[in-house]
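Coordinate inspection notes
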Amino acid sequence: NSDGSHDTSFVLQETGFNGAVLQIIPLLNGKILVGGDFTYYNGVERRGIHRLQKNGYSDDTFFIGSGFGGSNGLVKTIAVQKDNKILVGGSFNFFNGSDYSKLIRLNVNGDFDSTFLAALGLGAVSVRTISIQTDNKILVGGRYTNIFERLNTNGNLDTSLNVGVNYWGGDGVQSGPFYLNDSKIQSDNKILICGNFSSYRGSSSIN
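Residues numbered from 1 in each chain as written. Predicted model: local features only at pLDDT ≥ 70, side-chain atom pairs only at ≥ 80, totals over all residues. Heavy atoms only, no water.

With that settled, consider the side chain of Ser 58. One can find Ser 58 in the loop between β5 (49-52) and β6 (68-69). Of note is the side chain of Ser 58, whose polar atom sits 2.7 Å from the side chain of His 50. One polar contact links Ser 58 to Asp 60, side chain to side chain, over a distance of 2.9 Å. Sequence-distant contacts of Ser 58, defined by excluding residues within four places in its chain, comprise Gln 13, Tyr 41, Arg 46, His 50, Arg 51, Leu 52 and Gln 53. (Helix = DSSP H or I, 4+ residues; strand = E, 2+ residues; numbered from the N terminus. Polar contact = N/O pair within 3.5 Å; in protein donor to acceptor, adjacent residues only side chain to side chain. Contact = heavy atoms within 4.5 Å.)

As structure tokens, then:
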């Protein structure tokens, strides 16, 4: 509750999730998107992402088939667009048995949205943060060569954002790999980012 007391009206069903929850997104209708390093919710296969009703019970209208997988098939970040489509990022290599790596978009019911094919930069290991601009373009950060990029609404790379390659650096002790953990867009459209870097384009920076 708002005063910090336990809200007993919200109860996870029996065994709940069998792994770590890394992301929670409350939806306008009261339902809750949950992402992370789990494969089951209450004994039913729900790999990487699931939607709960407002009381914590499973929303079975959200169905992702066999879900996310791969050698390290985690869902690390979720963002919901104005049209309620769901952007999902992580370190996965598969979705519902097909090769889709690190960033995909789902329809409201959990189906794969084939109109969005992410064109991430080289060396993508994981997507850790997704932010959506007011023009619906998509900021993506994580662990890969560029570590921060902007995509058009169809997933193509927007080359007008140039943060540069190899501009991220350490402090002499920390030598990489470098990555971003989170990003937020301010009301003036400037972009806040955080990660394990200590400099950007040669200038000292906090993490």
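Read on for the rest.
Right, let's get into the nonpolar core. If you look at the biggest cluster of nonpolar residues, it comprises 14 residues, and the most contacted ones within it are Ile 49, Phe 68, Ile 86, Val 88 and Leu 106. Once residues within four sequence positions are removed from consideration, Leu 106 is found in contact with Ile 49, Phe 62, Ile 64, Lys 85, Ile 86, Val 88, Phe 95, Asp 111, Phe 112 and Asp 113. Among the nonpolar cores identified, the runner-up in size contains 11 residues, and Leu 103, Val 127, Val 140 and Leu 151 belong to it. (Core = buried A, V, L, I, M, F, W, Y, C linked by side-chain atoms within 4.5 Å. Buried < 20%, exposed > 50% of the residue type's maximum accessible area, 1.4 Å probe, protein only.)

Quick look at the confidence of the model for the protein now. In this model, the protein carries a mean pLDDT of 90, and residues with pLDDT of at least 70 account for 92%. Confidence scores differ between elements of the protein, with strand β19 (residues 203-204) showing the lowest mean pLDDT of 66 and strand β2 (residues 32-37) the highest of 98. (pLDDT = per-residue confidence, 0-100.)

Another point: unusual backbone geometry. A positive phi angle, near 75 degrees, is found at Asn 136, a position not held by glycine. Inspection of the secondary structure assignment puts Asn 136 in the loop between β12 (126-132) and β13 (138-143). Its identity is not glycine, yet Asn 189 carries a phi of approximately 75 degrees, on the positive side.

What follows is about the environment of Ile 132. As for its position among the elements, Ile 132 is in strand β12. Through-space distance from the C-alpha of Ile 132 to that of Leu 151 is 9.7 Å; in sequence the pair is 19 residues apart. With near-sequence residues (within four places) excluded, Ile 132 lies in contact with Ala 79, Val 80, Gln 81, Leu 87, Lys 137 and Ile 185.

This brings us to the sheet that holds strand β7 (residues 75-80). The sheet built from 3 strands is open, its strands ordered β7-β8-β11 with antiparallel pairing. Edge positions in the sheet fall to β7 and β11 (103-106), since each of these pairs with one other strand and no more. On average, each strand axis in the sheet is inclined to that of its neighbour by 25 degrees, with strand direction left out of account. Strand direction decides the pairing type here: strand β8 (residues 86-90) and β11, joined by 4 bridges, are antiparallel. Among the inter-strand pairings, Ile 86 is bridged to a residue of β11, identified as Leu 106. (Pairing = 2+ DSSP bridges. Axes fitted to C-alpha atoms, helices over the stretch in contact; angles between N-to-C directions.)

The next thing to look at is the side chain of Thr 77. Locating Thr 77 in the fold gives a position in strand β7. One polar contact links Thr 77 to Gln 23, side chain to side chain, over a distance of 3.4 Å. Those residues in contact with Thr 77, other than ones at most four positions away along the chain, are Gln 23, Leu 87, Val 88, Gly 89, Val 127, Arg 128, Thr 129 and Ile 130.

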